[in-house]
Amino acid sequence: MTVATEAVTLAAQATPTQTAQATDLVHAAAPAASLVQSVDWLAIAPPVVAAVAALLILVADLFVREGRKHLLGLGAVLGLVVALAALLPLRGAGHRTFCLVGDTTVCSYTADQFALVIQALVLVGALVTALLSLTLAKDDKNLPAGEYWFLLLSSAAGATLLPAARDLATLVVALEVASLPAFALVGLRRGDKRSSEAALKFFLSSVTATAVMLLGVSFVYAATGSLHLTEIATRLDNVPAQLDTLAQAGVALTLVGFAFKTAAAPFHFWVPDTYVGAPLPVAAYLSVTGKAVGFSGLILVTVVAFPSYADVWGPALAVLAALTMTVGNVAALRQNATRAHSAVRLLAWSSVGQAGYLLVPIAAAAYTSDAQIGSTVAYALMYAVVNLGAFAVAALVSRTNPGGRLTDYRGLYARSPLAALALGFFLLCLAGLPPGIIGLVAKVTVFSSAVDAGLAWLAVVMAVNVVIALYYYLRWTALLFRPAPQEAPEQAPATATGETPHPVRAPRRLPAPLGTAIVLTLVAAVALSGYPQLILRFVTGSLFQ
Amino acid sequence: MIDISESVMQFLLALIVVGPLIGAVAALLPAPPGLKGKSPDQAVLRHGVVVTGAVLIAAIVLGLGFDRDHPAKMQASTDISWIQALDVRIHLGIDGISLPLLLLTALLTFLCALYSYFKMPKGPSPKAFVALLLVLETGTLATFVVLDLILFFLAFEMVLIPMYFLIARWGGAQRTQAAWKFILYTLLGSVVMLLGLLLIGLKSGTFDMVALATDNGRGLTTSVQVTAVLAIAVGLAVKTPMWPLHSWLPDAHTAAPTVGSVLLAGVLLKMGTYGFVRIALPIAPEGMHTFAPYLAALAVVGILYGSLACLSLARKGNKGDLKRLIAYSSVGHMGFVLLGIASMTPTGVNGALFANIAHGLITGLLFFLVGALKDRYGTADLDTLAQGTGAALYGRAPRLGALLAFGAVASLGLPGLAGFWGEMLTMFGAFDPAEGLSRPAFLTFMALAGLGTLLTAAYLLIVVRRVCMGERREETRAIADVQGYEYASWTPLVALTVLAGLWPAVLLGLTDPAVQKLLAGGKS
């Protein structure tokens, strides 16, 4: 783990500058007028703030006494808030930096609208995760606090860098900076066998993906002679004939790598076990931020770098989308409600299903224009808010019922009405049924992008999937409002004589950070339902400018 | 009738749609001091009556302020931009087609709230019951007043969750399966419908129903229209329900609590047929033209199937459930509505809209009556009720028996009552269908529908004989006759059934100009 930590530290520090300079050297045929670049620090502030906060916390961990460790968590929350605030001055103006010396329109880091939206999503995801983790860190003494916060923030820094990356090297490095700490986060719980097994599974599948992707990237570089996405796009059009196969293989391998990261269908198997094995906030983080990272990478390579191969990746992504949503939803449908951890398992499978919906507009973009990407972005924003909310309530319930069974949610309304109503609302948003209007409208945009692109078959597959998904979401929602099981009081004394004491109405009081997370996501979801334009404005027009 | 300024009308219409939703939220909160009532349950049920009552009054005032000289014009319309990205607008308005349905919905919901105040169905707390009832009301009312395709879909979907919970929590035997069947069927249908709506919206560039109706399908190619109508018709047909997509209905009705059945039959089914009239007919006429013969054929199969199923349920020894029987009779009645729409003539569509309202009044009444019967006897099983010679309701509870007989004859289409005009006009429409539709085929459909009316009469008379007549057995315990609250909730339905039967012009005068306009593509 220490190796991973060091690697992350180095990468987090050095990413943008080094890679940009490396790629510059390749192209710096132009006279070396000024080799020292002027860096737009404002533009790169969000990832830098997160990275600096990560390092500060790691250092501070050495000096903070055991009793004051919770201050580290507050520091992490503060760091994320500052990183979010750093996004504000970037609105409107298209900041870009690390540009080629010869050609200043080709840059490695671009803070366009797409980048800003995904950065906001990623940072909010990390922030809510941090809020959930504050409670976890207090409850779970097996969790090394300093390392935990450091890893979370480093991963967030990488995830924040990725959507703004505009060359393949930065993209791959950002992806790894986001992923490597995540492996450690999954396996961080000391002495938990399931946790380390999950981490290993996650690690092996992800490393395979990276290896494949790197191979693809090197092929593409060999064929085009550039790492910048826009340059690749123009050069792929006229690849020399003898390099054509190489270029095609490169494109295919790069896409396979990103499909792994997005947990698209044949590459999804690691998701359920990883989510179940990870601490709950980390699962929430993976399902939102991790997914956003994979998707923004996929969008960047497909739409920005490989538009000339749209006739290849378009149909491939459409098939992948159909497969992913079907596999995810059918597996979620088959979850046994009484099995341990069935709640998180269901959320994990449903996140696979939702990934399928997210892929639809990207596939549609191949047939029409990159304006369709807006539907993916809008859907991802909706999904992020709602899914974080669902995980927050799951974290609350798991405090009293560590089993994490779906049946534990029975009668939640009687125990804590607000949490039950919130979870019900989140689930209906995920299902896309009123009163979860934002979920429905987001689905409508995805549907309309499919219809617009003439992918009628995909729209129909998605329609069937929406119905399947409704079944399990609504079954869970209905469970919340069922009366609590009657036999519980009689069973309590019987189990109390066994080795595990029955959880005696454990902490009744709602921990403040957890409550904040639930209220924050609920307010956001309700506000979006009332005024969906807040996120749907990304649907119109291109985001890459 | 009375002159109300346009802005007040707009406000009233917005209040009618949003009011119940606010009421639903308020129902979940604890009652404020001064309104606590005898118990929390009583207070929340009273809250339901007050809110639905206020909505009903607002709807009546709106009806009074409605300009009856221009029923084809959209009145009280509001048009606010909501989601600019999708060009979705909050466009509300009423014309002669939607006003009667709006009033019917407000009335039936109020009567249901009133009935539940005195006779709360068995189940968990009334708090959630009232909240769900009010959300349901918002959804149904919104369906009839929105003029934007996406908003229509939203309203259409909004009723699913409350109805699911009403059946699954307060229902009778087999309620869980019935509730699932209801929601999965309708959802599958409506998701397919969404695809059709999106196709129309994307190809024509607007989701506005008024603009699209005025365009009358000119901006859409025939193939787009055919695909869109096919998709939309599937969704609407599930809701209506049309044979062979009806199989969720009998189960849902049998399991639902009384008020659930009343609203399901009285209001929810109308959303399907309203969609046909409001969307399929004017927006994609060519597509509708292609499918009209098939729609009519399926409608007629539904009429015959429904009445044969009822006949079989009504027979001795078949253990027929009265609620299930009325549910099947709904399949038959809605078949008439679909036949009228499929004729694509003003006569047929007017008949369809009339039959819609009539079915809402009469079947609503019948479900109330059967629910009351079930409460008194503990079962709605016809064989158990009738035992040897009959249940002898005339002797044991004469008023209840008389009302049941009234409902039955109204349902079979006795002239002078509401049921008659709708069936007659739809068959008239089929007698002379729109240009280009095969006349011989429609004549056959009309003849078969006529056979259906005979079968309907047969089973309803059998039901009356077995339930109302028979020898009075001395040993059986006495059952209560119609109570005060039952009078209060049933009398309006009886009165309106008679009124619509004797004075059909009151409804047709509203619908006809609007229908003419819709069919002519806004040129009238």
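Keep in mind that this is a model prediction, so the values were computed, not measured.

Enquirer: What's the story with the overall build of chain A in this structure? I'm lost.
Expert: When helices and strands are counted, chain A shows 21 helices and two strands. Looking at chain A as a whole, 60% of its 545 residues qualify as buried. A separation threshold of at least 6 residues defines the contact pool for chain A, and within that pool the share at least 24 residues apart is 81%.

Enquirer: Quick question: what am I supposed to make of the overall build of chain B here?
Expert: Along the backbone of chain B there are 21 helices and two strands. Relative to its length of 524 residues, chain B is compact, with a C-alpha radius of gyration of 22 Å against a globular reference of 24 Å. Dimensions along the principal axes, computed over C-alpha positions, put chain B at roughly 70 × 65 × 45 Å. Relative to its 524 residues, chain B shows a buried fraction of 64%. Excluding contacts between residues fewer than 6 apart, the proportion of contacts in chain B whose partners are at least 24 apart in sequence is 81%.

Enquirer: Looking at this structure, how should I read the interface of chain A and chain B?
Expert: Quite often, the size of an interface is put as the accessible area lost when its parts meet. Facing 27 residues of chain A, the contacting portion of chain B comprises 23 residues. Secondary structure elements with two or more residues in the side of chain A that touches chain B: α17 (437-452), α18 (456-481) and α21 (533-536) of chain A. No other element matches α17(A), which puts nine residues into the side of chain A that touches chain B.

Enquirer: Which parts of the structure should I look at to understand the environment of A:Asp452?
Expert: Tracing the sequence through the fold places A:Asp452 in helix α17. For the pair A:Asp452 and A:Leu78, spaced 374 residues apart in sequence, the C-alpha separation works out to 43 Å. Beyond its immediate sequence surroundings of up to four residues, A:Asp452 is in contact with A:Ala364, A:Thr368 and B:Leu202.

Enquirer: Looking at this structure, how should I read the environment of B:Ser307?
Expert: Residue and element names in this part refer to chain B. The residue Ser307 is located in helix α12 (residues 285-314) in this model. Each C-alpha atom of the pair Ser307 and Met288 lies 27 Å from the other, and the pair is 19 residues apart in sequence. Ignoring sequence-local partners within four residues, the contact set of Ser307 consists of Gly332, Gly452, Leu455, Thr456 and Tyr459.

Enquirer: Hey, could you run me through the pairing of strand β2 (residues 107-111) of chain A in this one?
Expert: A regular strand places its side chains so that they alternate between the two faces of the sheet. All names here are of chain A. Within β2, five of the five residues are buried, leaving the element largely enclosed by the surrounding structure. One ladder, built from four bridges, connects strand β1 (residues 95-99) with β2; its direction is antiparallel. Paired with Arg96 across the strands is Thr110, a residue of β2.

Enquirer: Even after reading the chapter, I still don't get unusual backbone geometry, so can you show me in this structure?
Expert: Backbone phi values are negative for most residues with the exception of glycine, while trans is the configuration of most peptide bonds. Cis geometry marks the peptide bond from A:Pro434 to A:Pro435, where omega comes out at 10°. Take A:Pro435: it is sitting in the loop between α16 (417-431) and α17. Unusually for a residue other than glycine, B:Asn216 sits at a positive phi of about 55°. Note that B:Asn216 resides in the loop between α8 (209-215) and α9 (222-239). Judged by local crowding, B:Asn216 falls into the buried class, with 20 C-beta atoms found within 10 Å. One non-glycine residue, B:Met344, lies in the positive phi region at around 60°. Among the structural elements, B:Met344 can be located in the loop between α13 (322-343) and α14 (346-377).

Enquirer: Whenever I open this one, the pairing of strand β1 (residues 75-83) of chain B confuses me. Can you help?
Expert: All names here are of chain B. As paired elements, β1 and strand β2 (residues 88-94) share six bridges and run antiparallel to each other. Across the sheet, the residue bridging to Gln75 is Ile94, located in β2. Here β1 folds back onto β2, and the loop between the two strands holds four residues, one of which, Asp87, carries a positive phi near 60°.

Enquirer: What exactly am I supposed to notice about the packing of helix α9 (residues 244-261) of chain A against helix α11 (residues 280-305) of chain A here?
Expert: For any two helices packed against each other, one specifies the crossing angle of their axes together with the interaxial distance. Residue and element names in this part refer to chain A. At a minimum axis separation of 8 Å, α9 and α11 run at an interaxial angle of 160°. As the angle between them shows, α9 and α11 are arranged roughly antiparallel. When you trace α9 past α11, the crossing you get is left-handed. Across from Thr254, Leu255, Phe258 and Lys261 in α9, the residues of α11 making contact are Val293, Gly294, Gly297, Leu298 and Val301. Tallied by class, residues from the contact of α9 with α11 come to five nonpolar, three polar and one charged.

Enquirer: I would appreciate a short explanation of helix α1 (residues 6-28) of chain B in the present structure.
Expert: An α-helix turns once every 3.6 residues. As a result, residues three or four positions apart point the same way. Residue and element names in this part refer to chain B. When the terminal C-alpha atoms of α1 are compared, their 34 Å separation across 23 residues agrees well with the 33 Å that a helix rising 1.5 Å per residue should span. If you look at α1, its biggest bend is around 35°, right at Val18, and the proline Pro20 turns up within four residues after that. Residues of α1 that are buried: Met9, Leu12, Leu13, Ile16, Val17, Gly19, Pro20, Leu21, Gly23, Ala24 and Ala27. Where α1 is buried, its residues contact α2 (40-65), β1, β2 and α4 (126-145).

Enquirer: How should α18(A) be read in this particular structure?
Expert: The end-to-end C-alpha separation of α18(A) is 37 Å, in line with the 38 Å expected for 26 residues at 1.5 Å each. With respect to burial, α18(A) is a largely interior element, 19 of its 26 residues being buried.

Enquirer: Please explain the packing of α17(A) against helix α7 (residues 175-204) of chain B as it appears in this structure.
Expert: Where α17(A) meets α7(B), the closest approach of the two axes is 10 Å, and the angle between their N-to-C directions is 65°. In the packing of α17(A) onto α7(B), the handedness of the crossing is right-handed. Residue-level inspection shows A:Val444, A:Phe447, A:Ser448, A:Val451 and A:Asp452 of α17(A) in contact with α7(B), the latter providing B:Leu194, B:Leu195, B:Leu198, B:Leu199 and B:Leu202. A class-by-class count of the residues in the contact of α17(A) with α7(B) yields eight nonpolar, one polar and one charged.

Enquirer: Hey, could you run me through the confidence of the model for chain B in this one?
Expert: Interpretation of the predicted coordinates at a detailed level should be avoided for regions scoring low in pLDDT. Chain-level pLDDT for chain B is 88 on average; 98% of the residues reach the 70-or-more range. Quick note on the complex model: pTM equals 0.88, ipTM equals 0.86.

Enquirer: It is not clear to me how the environment of A:Val59 should be interpreted in this structure. Could you clarify?
Expert: Within the secondary structure, A:Val59 sits in helix α2 (residues 45-63). Placed 202 residues apart in sequence, A:Val59 and A:Lys261 show a C-alpha to C-alpha distance of 31 Å.

So, how was this worked out
- Residues numbered from 1 in each chain as written.
- Chains lettered and ligands numbered in written order.
- Predicted model: local features only at pLDDT ≥ 70, side-chain atom pairs only at ≥ 80, totals over all residues.
- Helix = DSSP H or I, 4+ residues; strand = E, 2+ residues; numbered from the N terminus.
- Buried ≥ 20, exposed ≤ 12 C-beta atoms within 10 Å, placed from the backbone.
- Contact = placed C-beta atoms within 7 Å.
- Rg over C-alpha atoms; globule rule 2.2 N^0.38 Å.
- Pairing = 2+ DSSP bridges.
- Axes fitted to C-alpha atoms, helices over the stretch in contact; angles between N-to-C directions.
- Parallel < 35°, antiparallel > 145°, perpendicular 65-115°, else oblique.
- Left-handed = near helix turned anticlockwise from the far one by under 90°.
- Nonpolar A, V, L, I, M, F, W, Y, C, P; charged D, E, K, R; others polar.
- Expected span 1.5 Å × (residues − 1).
- Bend = angle between axes of the 7 residues up to and from the residue.
- pLDDT = per-residue confidence, 0-100.

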